[in-house]
Amino acid sequence: MLERVIGVLNEAGFAEAAGRLDAFPHQLSGGQRQRVMIAMALANDPSLLIADEPTTALDVTIQARILDLLARLKRDRGLALLLITHDLRIVRRYADKVCVMKDGAIVEAGPVASVFAAPAHPYTRMLLDAVPRGTPPPLAANAVPLLRIEDAHVHFPVRRGMLRRVVSEVRAVDGVSLTVRTGETVGLVGESGSGKTTLALAALRLEPVRGRVVFAGQDVVRLGRAAMRSLRARMQIVFQDPFGSLSPRMTVGDIVAEGLAVHEPRLKRAERERRVVAALEEVGLPAAMTERYPHEFSGGQRQRIAIARVIVLKPALVVLDEPTSALDMSVQAQIIALLRDLRDRHDLAYLFISHDLKVVRALAHRVVVLREGKVVEEGTADEIFTCPRMDYTKSLMAAAFDLD
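First, a word on what this report is: a plain description of the structure on this page. (Residues numbered from 1 in each chain as written. Predicted model: local features only at pLDDT ≥ 70, side-chain atom pairs only at ≥ 80, totals over all residues. Heavy atoms only, no water.)

1. Describing the overall build of the protein chain
Step number 1: On a plain count of helices and strands, the protein chain comes out with 15 helices and 14 strands.
Step number 2: On C-alpha atoms alone, the protein chain measures out to a radius of gyration of 23 Å, which is about the 22 Å that the 2.2 N^0.38 rule sets for 404 residues.
Step number 3: Dimensions of the protein chain, computed from C-alpha atoms along their principal axes, come out at roughly 65 × 60 × 45 Å.
Step number 4: Within the protein chain, the proportion of its 404 residues that are buried is 48%.
Step number 5: Pairs at least 24 residues apart make up 65% of the contacts formed inside the protein chain by residues separated by at least 6 positions.
Step number 6: Accessible surface computed for the protein chain: about 20200 Å², of which carbon and sulfur atoms make up 53%.
Step number 7: Within the protein chain, the 48 negative side-chain charges are centred at a point lying 4 Å from the centre of the 54 positive side-chain charges. (Helix = DSSP H or I, 4+ residues; strand = E, 2+ residues; numbered from the N terminus. Rg over C-alpha atoms; globule rule 2.2 N^0.38 Å. Buried < 20%, exposed > 50% of the residue type's maximum accessible area, 1.4 Å probe, protein only. Contact = heavy atoms within 4.5 Å. Areas by Shrake-Rupley, 256 points an atom, 1.4 Å probe, with all protein chains shown as cover. Lys, Arg positive; Asp, Glu negative; His and termini not counted. Charge placed at Lys NZ, Arg CZ, Asp CG, Glu CD.)

Shown next as structure tokens:
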């Protein structure tokens, strides 16, 4: 039995499987967890393998490895593969036939080459047209630095034994410096575990950090709790999972109003309700939805609610942590358009984290590439995407755009 387990793990590309059998899921990376799931399916010697969004939330290099693995298993084992995905680039490269579904029904089906070359159904054409495009408008010449991170370090201790002694440390962020100006979008890219989210949380002082983090002229690392609280409204975050970040026990109106109750407690009820309705309408949701609960909304609508919760506080800086990765292509395009509109209308600064480099190219003025907690390359979006200098950046670009 043990040999069989190790064998299917090795077949699924799980490195050093024999030495990791005692590991728990939380101790594995996203790519490793996905390989374990594939190994579980292979253990039963299936004739059909159903891969339901197998690359969602994985970085571009891991995505490519998982997809190549599935293609190899299909070939070597003679498997039939049912691939469910909202990423049409994956369909174009890895599928033989495609079925397009809408409202529970197949609206178009056929060979991939035929459907992509000449889609017959309007919904299929809409999906194919929803690929992120364009570039941001030039940054204003008088844009001033809003956020400056200087030589930031975030290290986590690794403890072992009964006494939980510190035996080593994980250098999640290791000497990173960057600047975000008013109205600017700075994209943070890199593999899973490169330190992107940790750096963003440190910028908001949601993770302890050594170094300098200067926001609106104040070093937030050295601010006391009261002073920091007064700045919180101006620095906000939109999380990756639009369902998990919204309380299921609160109505949409209460969710959006919660920040106002904390940061503007003297606001009269009528004014607070007016601000909530205005924020919802600004993100494309009607005022009538304030009494409904998160589970009554689609994924795209929930992400709009999460954005409204941020916008209602009139921030200057918004951290966007993978805000489109859980959304299908058409909804993703809508959220990108919304984020562009809000940035340009309110002169917002975005620190934008994403493994989808097409989205980064569409939104970002500048790009910072992280690897193992360090900056390996930085430049304008045009420089990074058209002429990357570092091999690591080139590998990210190859993994992201080789599917096209």
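Having seen it, we continue.
2. Quick word on helix 11 (residues 299–311)
One turn of the α-helix equals 3.6 residues, which is why residues spaced by three or four share an orientation.
Step number 1: With 13 residues, helix 11 extends 18 Å from end C-alpha to end C-alpha; this agrees with the ideal 18 Å at 1.5 Å per step.
Step number 2: Of all the 13 residues making up helix 11, eleven are buried; the element is thus mostly covered by neighbouring parts of the structure.
Step number 3: Within helix 11, the full set of buried residues consists of G300, R302, Q303, R304, I305, A306, I307, A308, R309, V310 and I311.
Step number 4: Elements that come into contact with the buried residues of helix 11 comprise strand 10 (235–238), helix 9 (252–263), helix 10 (269–282), strand 11 (317–321) and helix 12 (329–346). (Expected span 1.5 Å × (residues − 1).)

3. With respect to the sheet that holds strand 10
Step number 1: If you walk across this open sheet you meet the six strands as 10-11-12-7-13-14, and the pairing is mixed. Each of the sheet's edge strands pairs with one partner strand only, and the pair in question is strand 10 and strand 14 (374–380). In this sheet, adjacent strand axes meet at a mean angle of 20° when their direction is disregarded.
Step number 2: Bridge analysis of strand 13 (residues 366–371) against strand 14 gives six bridges, and the strand direction is antiparallel. Bridging from a neighbouring strand, R366 pairs with T380 of strand 14.
Step number 3: The strands touched by helix 7 (residues 196–203) are strand 7 (185–189), strand 10, strand 11, strand 12 (349–353) and strand 13; relative to strand 12, the strand with the most contacts, the crossing angle is about 150°. (Pairing = 2+ DSSP bridges. Axes fitted to C-alpha atoms, helices over the stretch in contact; angles between N-to-C directions.)

4. A look at the pattern of salt bridges
Step number 1: With the rule as written, the count across this model stands at 26 salt bridges.
Step number 2: A salt bridge links E273 to R269; its shortest N-O distance comes to 3.1 Å. Residue E273 and its partner R269 are both found in helix 10; the two are separated by four residues, about one turn of the helix.
Step number 3: On the accessibility criterion, R269 (62% relative accessible area) is exposed. (Salt bridge = Lys/Arg side-chain N within 4 Å of Asp/Glu carboxyl O.)

5. With respect to helix 3 (residues 60–77)
Step number 1: The end-to-end C-alpha distance of helix 3, which contains 18 residues, comes to 26 Å, matching closely the 26 Å that a straight helix rising 1.5 Å per residue would cover.
Step number 2: Buried residues of helix 3: V60, T61, I62, Q63, I66, L67, L69, L70 and L73, and no others.
Step number 3: In this structure, the buried residues of helix 3 make contact with helix 1 (2–11), helix 2 (30–42), strand 1 (48–52), strand 2 (80–84), helix 4 (88–94) and helix 15 (391–401).
Step number 4: The first or second residue beyond helix 3 is G78, which carries a positive phi of 70°.

6. Quick look at the sheet that holds strand 8 (residues 210–215)
Step number 1: Judged by pairing direction, the sheet is antiparallel, and its four strands sit side by side in the order 6-5-8-9 without closing on themselves. In this open sheet, the two edge strands, each paired with only one partner strand, are strand 6 (165–181) and strand 9 (218–219).
Step number 2: The sheet contact formed by strand 8 and strand 9 spans two bridges and is antiparallel. Each residue of the ladder has a partner; that of F215, found in strand 9, is Q218.

7. Observations concerning unusual backbone geometry
Step number 1: The phi dihedral of E53 falls on the positive side, at around 50°, and the residue is not glycine.
Step number 2: Locating E53 in the fold gives a position in the loop between strand 1 and helix 3.
Step number 3: A positive phi angle, close to 50°, is found at E372, a residue other than glycine.
Step number 4: Note on placement: E372 falls in the loop between strand 13 and strand 14.
Step number 5: For E372, a relative accessible area of 61% gives the class exposed.

8. Here's the deal with the pairing of strand 13
The side chains of a regular strand alternate between both faces of the sheet.
Step number 1: Most of strand 13 is tucked away, with five of its six residues classed as buried.
Step number 2: Bridge analysis of strand 7 against strand 13 gives four bridges, and the strand direction is parallel. The residue of strand 13 that forms the bridge with V186 is R366.
Step number 3: Turn length for the strand 13-strand 14 hairpin, with the two strands adjacent in sequence and antiparallel, is two residues, and the turn residue E372 shows positive phi of about 50°.

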